[in-house]
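Residues per chain are reported as follows:
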Amino acid sequence: MKLREVAEVIKGVHLIEGSKKNKLKTYKELSMLSLESIAFLDERKMISVDVDYKVPSKQLTKAGDVVVSLYSPMIACYVEKGQEGYVVPHYMSIVRVKKYTKIDSRFIVHFINSARGRRALMRTAESISASGPTSLPIAVLNEVELLAGANNLMECL
């Protein structure tokens, strides 16, 4: 089962800070430091950005979302209740599980952060691009096989 079949992958937004006098809203934006390697968001390490436009709600975090860094170390984090409304920057993406699916988004976090998941992402990236990518394209996230080999008890290295 491919990720795009059970979830929507949404590219983050590139915020441009406006002038203080024309400020419409202040957003808290995720940073690489706010993604903890143990799969949670550290709200103390977010950036406050004043903008003179409104960010689409589709590009703000919602409870149950998965935030994935598109650059190394490609950490996936689960968005808890109370962590809604944060801006996801352009170098990250949101994986939002479709309403009709019965998959828990924490499985996606675990998969992406696991050695097996990282290998699957790299294999998919290599099949899409001739060179080894330094970033993870959205197309790779969409095409990665989530459950390939899930019934194997052990995996050869």
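Keep in mind the model is a prediction, meaning the values are calculated, not measured.

Caption draft 1: Representation of the side chain of T101. Looking at the element boundaries, T101 is found in the loop between β6 (92-97) and α2 (105-113). The class for T101 is buried, based on a relative accessible area of 16%. A polar contact is formed between the side chain of T101 and the backbone oxygen of K98, at a distance of 2.7 Å. Among all residues touching T101, those that are not within four sequence positions of it are E5 and V6.

Caption draft 2: Examining the nonpolar core more closely. Counting 25 residues, the largest nonpolar core has L3, V95, I112 and L141 as the members making the most contacts within it. Those elements that place two or more of their residues in this core are α1 (3-6), β1 (7-11), β4 (66-69), β5 (76-78), α2, α3 (115-128) and α4 (138-143). The dominant element in this core, judged by the number of residues it contributes, is α2, at 4 residues. Setting aside chain neighbours within four positions, we find L141 in contact with L3, V9, V68, L70, S93, I112, L121 and L136. Counting residues in hydrophobic clusters, the runner-up holds 13 residues, among them L30, L35, V79 and I94.

Caption draft 3: Region of the structure containing the packing of aromatic side chains. Under the defined criterion, the tally for this structure stands at 1 aromatic pair. For the cation-ring pair, K25 lies above Y27, with the distance from its terminal atom to the ring centre recorded as 5.3 Å.

Here is what the cut-offs are and how they apply
Residues numbered from 1 in each chain as written. Predicted model: local features only at pLDDT ≥ 70, side-chain atom pairs only at ≥ 80, totals over all residues. Heavy atoms only, no water. Helix = DSSP H or I, 4+ residues; strand = E, 2+ residues; numbered from the N terminus. Buried < 20%, exposed > 50% of the residue type's maximum accessible area, 1.4 Å probe, protein only. Polar contact = N/O pair within 3.5 Å; in protein donor to acceptor, adjacent residues only side chain to side chain. Contact = heavy atoms within 4.5 Å. Core = buried A, V, L, I, M, F, W, Y, C linked by side-chain atoms within 4.5 Å. Phe/Tyr/Trp six-rings, centres within 6.5 Å; stacked < 30°, edge-to-face > 60°. Lys NZ or Arg CZ within 6 Å of the ring centre and 35° of its normal.

Function cannot be inferred from these measures alone, as they are strictly geometric.
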